[in-house]
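Architecture and fold: a report
Here is how the chains run, residue by residue.
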Amino acid sequence: MKKKLITILVTSIIMIAATGAFLWKMNDISNKMEKQEEAVLDEERDLQEYQGIKAAETAEELDIIQLYMSGNNKNVVTIDYPSKGDIYNTGRSAKAEETLTDIKKRAGKYTPASALWAYNPYGTNNNSLYVYFNTNGKCYCRYTISVKDKNIPDFTRTLVNYSHGKLSKEHEYQLIGLVPGKTNYIVMKFYNGKDELSNSFTYRIDMPESSMGAQVVINGSDGRSKSKLSNGLYTVFSDGKGERVKTTRIITRKVKKNGRKVTRRVKKTVWKRIKNYAILLYDNSGVLRGEIPLDGYCGRNIQTIYDGIVYACADDKIALVNALGQVTKVYKLNGYKQSGEFAYDGFGNLYVIAAPYRKKAVKNSCIVKVELESGKSGAALDMNTLLPSVYKNAVKKAKKKAPSWIDLNSVQVTGTNQLLVSSQALSSIFKVSNVNSLMPKIDYIISDKSIWNNYKNLKKKVLVKALEGDATPQPEETPVVDSILEKPKKQHELFASQAGQNAMLYEKPSSLTDGQYYLTMLNNNSGVNAVNNNKSYYYKYLIDETAGTYIRKETKGFSKTKDEGNITKTDNVYIYCNASNNKFMETDTAGRLIKEFTIKQDLYRVYKYDWKGFWFS
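Presented here is an overview of the structure given in this document.

Let us now look at the environment of Phe430. Within the secondary structure layout, Phe430 lies in strand E24 (residues 428–433). Remark: the alpha-carbon pair of Phe430 and Leu420, spanning ten residues in sequence, is separated by 5.6 Å. Discounting chain neighbours no more than four positions away, the residues touching Phe430 are Met383, Leu387, Ile406, Leu419, Leu420, Val421, Ser423, Ile442, Tyr444, Ile445 and Trp452.

Following this line, the structure appears as structure tokens:
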């Protein structure tokens, strides 16, 4: 019996020791993995302070593969697009894809040492290269863009292998992040399934200047916050860059012939002022890493849908572009001019803010539905007919057609045939149901009731404010009772609703009950019912449709932007576009500045995306 107890005791001690050693080992492995992940995140933060020696400085001259876009040694395919309209022509884009496919077939097997390279073959990103090759074993690729400039950090990302899977022998990529007007070094490193480095190649190419005239490096200034900048690229929507270009115009001119004056049509060279529009991608150091040219108009947002990105490419067109840059579809808003934001319903339809394409049309007054599969488009909602009395009064007050009485600037989908639409001019947000029918209906309005004093039927639809942190509806005015016998108690004051708001975002987490959702926005604090101070705000409402209330759950003040702009919040930071001052910034959750950038173009909005799952993994 004693021997058994000793045996059990010894066995238990050994098992405890083994378990302890196992847990220690697992904890050690976990700590190492966390450190490795943090090192990768820091490397991808696009700040020189985290990166050490630049890849361009350590490249061995004998090992560099030189890429040429012109001349006798040309080894990079180039495809010309005479105009921006040609870029957003699916036939031309498909032809470019056929050209690359034919070259691949003719030349046989490509390797990293002799890869097929093409400069921006689809015309959709001026800071990009297409590359195709095969490797002997299955691997994934991590690449670095480096230039010999101490003010420009290295740009490093792990690539998503387009349509071939993470580990593959066949590789096809669009490399973004190349710096315009600089000699760029491209270091491609290949890793096996165990994350072990198996091979590395270095290439060098001279990139052309920005064809859109964009700033290659924008001015940035650090704030006092000790928080780190979030990872990702600032996606900048701004007004176009103007330039003067020579063009030929046919004019009629009277000339003498045989003593008589006759009229002749002749060519004349004239100067014309045009604007170049583009969606610009900047890193955390303010370096231009992507330049998506547009055909005459810059929208307000971009979204990943299916296996591509969707954005406004012209005033009456929306493009679907895949990860290689190919334009796979272009959707035309027949009879309408899109004028800002769009929203995706998750079921193959876009809802686009627009106006009829005719003279004296009411600006930003309609929502157009675009079916992504069929390409069909048509009016889904017209605010002029939904709010006829308000529209008529606006026309009467203006003594003419009211071109911007409603000024829709944001749209979100909340359900089947249900939309939230934001009117900047009325400082109001409308929940509309029965969209896409002859009888759309306003379910409710989010605004101060005073805005609707002259419209009794509409005033009844305004949601009731609840006290912050309380779901109980409150009266319109909270009386303050003073007593001479006791100290007056501080009363809870109801919040000021949004005024001249922009860029709504609808959120419905699983933690909320039916009929509840969160709504965030930039409260510009301008126009109707604006508070008289020099602030704009981040607002987060909790909407309770069942109770008929809305509560302000979060607010944070920022320097004021009277028009345009947007603000988004993650767990750790705010990204704020102060459009009126051509600035965008990142702050910590307390509102302390981490970094601020100033750009030379008029801003509309700025978002920040890491592009994981699209270009990067």
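On to helix H6 (residues 388–398). Those residues of H6 lying buried are Val390, Tyr391 and Ala394. Taken down its axis, H6 places every buried residue within 100 degrees of arc, on the same side. In this structure, H6 carries Lys392 and Lys396 as exposed residues pointing more than 90 degrees from its buried face. Buried residues in H6 make contact with helix H5 (383–386) and helix H7 (456–459). Following H6 by one or two positions, Lys399 has its phi on the positive side, about 60 degrees.

Read from one edge of the open sheet, five strands run E26-E30-E29-E28-E27, paired in mixed fashion. With partners counted over all chains shown, the strands left at the sheet margins are strand E26 (464–465) and strand E27 (502–507), one partner each. Direction of pairing for strand E28 (residues 516–523) relative to strand E29 (residues 535–544): antiparallel, over a ladder of eight bridges. When the bridges of E29 are listed, Tyr518 appears paired with Leu542.

Moving on: the sheet that holds strand E31 (residues 566–569). The strand order E9-E34-E33-E32-E31 describes an open sheet built from five strands, whose pairing is antiparallel. Where the open sheet ends on each side, the last strands, each with one partner, are strand E9 (219–222) and E31. Mean inter-strand twist for the sheet, computed between neighbouring axes without regard to direction, equals 10 degrees. Pairing analysis gives six bridges linking strand E32 (residues 573–578) to strand E33 (residues 583–588), with the strands arranged antiparallel. Looking across to E33, one finds that Ile575 is bridged to Glu586.

How each quantity is defined
- Residues numbered from 1 in each chain as written.
- Predicted model: local features only at pLDDT ≥ 70, side-chain atom pairs only at ≥ 80, totals over all residues.
- Heavy atoms only, no water.
- Helix = DSSP H or I, 4+ residues; strand = E, 2+ residues; numbered from the N terminus.
- Contact = heavy atoms within 4.5 Å.
- Buried < 20%, exposed > 50% of the residue type's maximum accessible area, 1.4 Å probe, protein only.
- Arc of directions from axis to C-beta.
- Pairing = 2+ DSSP bridges.
- Axes fitted to C-alpha atoms, helices over the stretch in contact; angles between N-to-C directions.

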